[in-house]
Each structure stands twice: as C-alpha cells, then as structure tokens.
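Each chain, written out:
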Amino acid sequence: MAEILLLAADPVAVGTVLPALEFLPHRVRTLGLDPSALVDLPNTDLIVLDARRDLQTARASARLLQVTGLSVPLLLIVTEGGLTALSTEWGARDFLLASASPAEVEARIRLALATPVTLGPDAPVDKISQGSLVINPVAYTAKIHGQTLDLTYKEFELLRYLAAHPGRVYTRTQLLQEVWGYDYFGGTRTVDVHVRRLRAKLGPEHDQLIGTVRNVGYRFDAPKERLRARAEAAEQMDDAVLPAPQTAAPEAAPQ
C-alpha cells in the first residue's frame, strides 16, 4: 500500500478526480494547489496532480514542484483533450486519463514507484546558454553578464522557450499554445505585449536577441547569428557604395 498525495485546484473527493483510486488499497490525501502549500509538502510516496481542466495552473504547479525539489514520482490526471499539452517540461513520470480502470491505475502506480526519481535539487540542470545570457529552467533565473533579470513567470517562460530553439520562427498562435497553454483564450496581442516588455528588460544591448519576422512571428537570434547577419549587412552596404569600375574611353580612329 502506498501513500498518495492528490493535488487539485479544490480539495475534492478522490472519486470525483480519479474514481479508480477508490477501489485500490492505497492511502490517499488531498491538498489544494496553493503555492505556499506546494513548497512544504507532507511526506508521501507518490504525487498525483489533477490537470483535467486548468492546464495552465496545473503546469505551473508541476514546475513549482520541480523547483522545490521533487523527490517522489509525479503522475498527471488529464482528459484526452489535454494530452496535446503534455511534454517533458512538466517533469511528470507518467499520466492517467480520468477514466482509467483500477487495473490500469494500479499498474501505472506500481511502475512509477519502481523507477528511481532523477529530479530534485541535486539533479543535473540543463541550462540554456546563449552568449552572455544564461537561463536556468529549474531555478527560474535568467542572467545577462551575471546580472539577474527581473522577469515575470510568463516573460521567463517566453524567453526560455525561444532561447531553447534559436533560429526557429514561431507564430504568435504557436507561442500562445506552448507558453500560455491550450486552454488560454486571450488574443495573440498578448504575445506582442510580452515580447515588448521582455525586450525592454533585456536592454538596448540585448533586445535584438528576440527577432521579429514580419507577418510571421518571433524567433530567438543567437548572438553569433546576429554578428553574422550584421557582417553580411555591412558587406552588402560596402558593395552598394563602391564606385563602379571606370572603363577607358575608346581611342579615336585616325583621320
């Protein structure tokens, strides 16, 4: 029998989140998604996170669990529609559909508990380094020349996502889906506002790290790519201002 902690937006009956758990012999406790509670969780063998409805809040909670040092397996409860939003960034061991049978739930719990957890404060951190910009996804910090940028959660997520895929162009709709989540109903103007604020915080020396592709969207321009682009532009300008070669006038024919 395992000690299971069920995290949900509202501490509700277990049967309303994952009915199959009521038919299994595990001991289940429920807890809300208040950030202050997530940083000091009670001892447990397994965490089950309710991600059936509010994917944005669920993903933020999963990332917070990683930051605070997740030392036990994390399982996500999702609907079929929410499967498209899942990725390794959630830090989850596995997922369960809310309609899963008791046999399937028991099997996934057993497998999750049998696999060692590699997440935690001592786990290797895949930092993103682009020139003087260093992003630590686990500590939620972004630094330029060693100075920490004062970013909001969404500004950090936007910068992290773009920097992780340098040179790749993303439409505003794609960025909304990847950064804000599939359940976000705001307009694409939100992306423009966050890009403008992010550039302002990067400062005039680094604001061009986030490039605009006209009529398409945005991309992260790695420093070496920017230098190459500037060099090519300078060469083109030099070619444009060079005087055309002079040709000698033909000699007059003898009379």
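Our subject in this report is the structure included herewith. What you see is a predicted model, and the numbers here were worked out from it, not measured in a lab.

**Side note on the overall build of the protein**
Link 1 in the chain: Secondary structure assignment for the protein yields eight helices and 12 strands.
Link 2 in the chain: For the protein, the proportion of its 255 residues judged to be buried stands at 38%.
Link 3 in the chain: For the protein, restricting intrachain contacts to residue pairs at least 6 apart in sequence, the fraction spanning at least 24 positions comes to 58%.

**Overview of helix 3 (residues 55-67)**
Link 1 in the chain: For helix 3, spanning 13 residues, the distance from its first C-alpha to its last is 18 Å, which sits close to the expected 18 Å at 1.5 Å a residue.
Link 2 in the chain: Buried within helix 3 we find Leu55, Ala58, Arg59, Ser61, Ala62, Arg63, Leu65 and Gln66.
Link 3 in the chain: Contact partners of the buried residues in helix 3: strand 1 (3-7), helix 2 (35-38), strand 3 (46-50), strand 4 (74-78), helix 5 (153-163) and helix 6 (172-180).
Link 4 in the chain: Directly beyond the C-terminal end of helix 3, a positive phi value near 95° is found at Gly69.

**Looking at helix 4 (residues 102-114)**
Because an α-helix completes one turn every 3.6 residues, residues spaced three or four positions apart along the sequence face the same direction.
Link 1 in the chain: Given a rise of 1.5 Å per residue, 13 residues ought to cover 18 Å, and the 18 Å separating the end C-alpha atoms of helix 4 matches this to within 8%.
Link 2 in the chain: Looking at the buried residues of helix 4, the elements they touch are strand 1, strand 3, strand 4 and strand 5 (94-97).

**Remarks on the environment of Arg59**
Link 1 in the chain: Considering the arrangement of structural elements, one finds Arg59 in helix 3.
Link 2 in the chain: Overall, the relative accessible area of 10% leaves Arg59 in the buried class.
Link 3 in the chain: Residues Arg59 and Gly91 lie 32 residues apart in sequence; the distance between their C-alpha atoms is 9.3 Å.
Link 4 in the chain: Aside from chain neighbours lying at most four places away, what touches Arg59 is Trp90, Gln177, Glu178, Val179, Trp180 and Gly181.
Link 5 in the chain: At 3.1 Å, the side chain of Arg59 forms a polar contact with the backbone oxygen of Glu178.
Link 6 in the chain: A polar atom in the side chain of Arg59 sits 3.1 Å from the backbone oxygen of Val179.

**Considering the sheet that holds strand 7 (residues 133-136)**
Link 1 in the chain: Taken together, the four strands give an open sheet; going across it, the order is 6-7-8-9, and neighbouring strands pair in antiparallel fashion. Of all the strands in the sheet, the pair left with one neighbour each is strand 6 (128-130) and strand 9 (147-148).
Link 2 in the chain: The pairing of strand 6 with strand 7 spans three bridges and is classified as antiparallel. Pairing of Ser129 across the sheet is with Val134, part of strand 7.

**Quick word on the side chain of His26**
Link 1 in the chain: When you line up the elements, His26 lands in the loop between helix 1 (14-17) and strand 2 (27-31).
Link 2 in the chain: Among the polar contacts listed, one links the side chain of His26 to the side chain of Glu106, at a separation of 2.7 Å.
Link 3 in the chain: Setting aside residues no more than four positions away along its own chain, His26 makes contact with Met1, Ala2, Ile4, Glu106 and Ile109.

**Some thoughts on the pattern of salt bridges**
Link 1 in the chain: As enumerated under the stated definition, the model contains 10 salt bridges in all.
Link 2 in the chain: A salt bridge links Arg63 to Glu157; the shortest N-O distance between them is 3.4 Å. Taken as a pair, Arg63 in helix 3 and Glu157 in helix 5 lie far apart in primary sequence, 94 residues in all. Judged on exposure class, the residue Arg63 and its partner Glu157 are both buried.

**Some details on the sheet that holds strand 1**
Link 1 in the chain: With parallel pairing, the five strands of this open sheet are ordered in space as 2-1-3-4-5. This sheet does not close on itself; its edge strands, each paired only once, are strand 2 and strand 5. Across this sheet, the average inter-strand angle for adjacent strands is 25°, counted without regard to direction.
Link 2 in the chain: Bridge analysis of strand 3 against strand 4 gives four bridges, and the strand direction is parallel.

Cut-offs used in this document
Residues numbered from 1 in each chain as written. Predicted model: local features only at pLDDT ≥ 70, side-chain atom pairs only at ≥ 80, totals over all residues. Heavy atoms only, no water. Helix = DSSP H or I, 4+ residues; strand = E, 2+ residues; numbered from the N terminus. Buried < 20%, exposed > 50% of the residue type's maximum accessible area, 1.4 Å probe, protein only. Contact = heavy atoms within 4.5 Å. Expected span 1.5 Å × (residues − 1). Polar contact = N/O pair within 3.5 Å; in protein donor to acceptor, adjacent residues only side chain to side chain. Pairing = 2+ DSSP bridges. Salt bridge = Lys/Arg side-chain N within 4 Å of Asp/Glu carboxyl O. Axes fitted to C-alpha atoms, helices over the stretch in contact; angles between N-to-C directions.

Keep in mind these numbers describe shape, not what the thing actually does.
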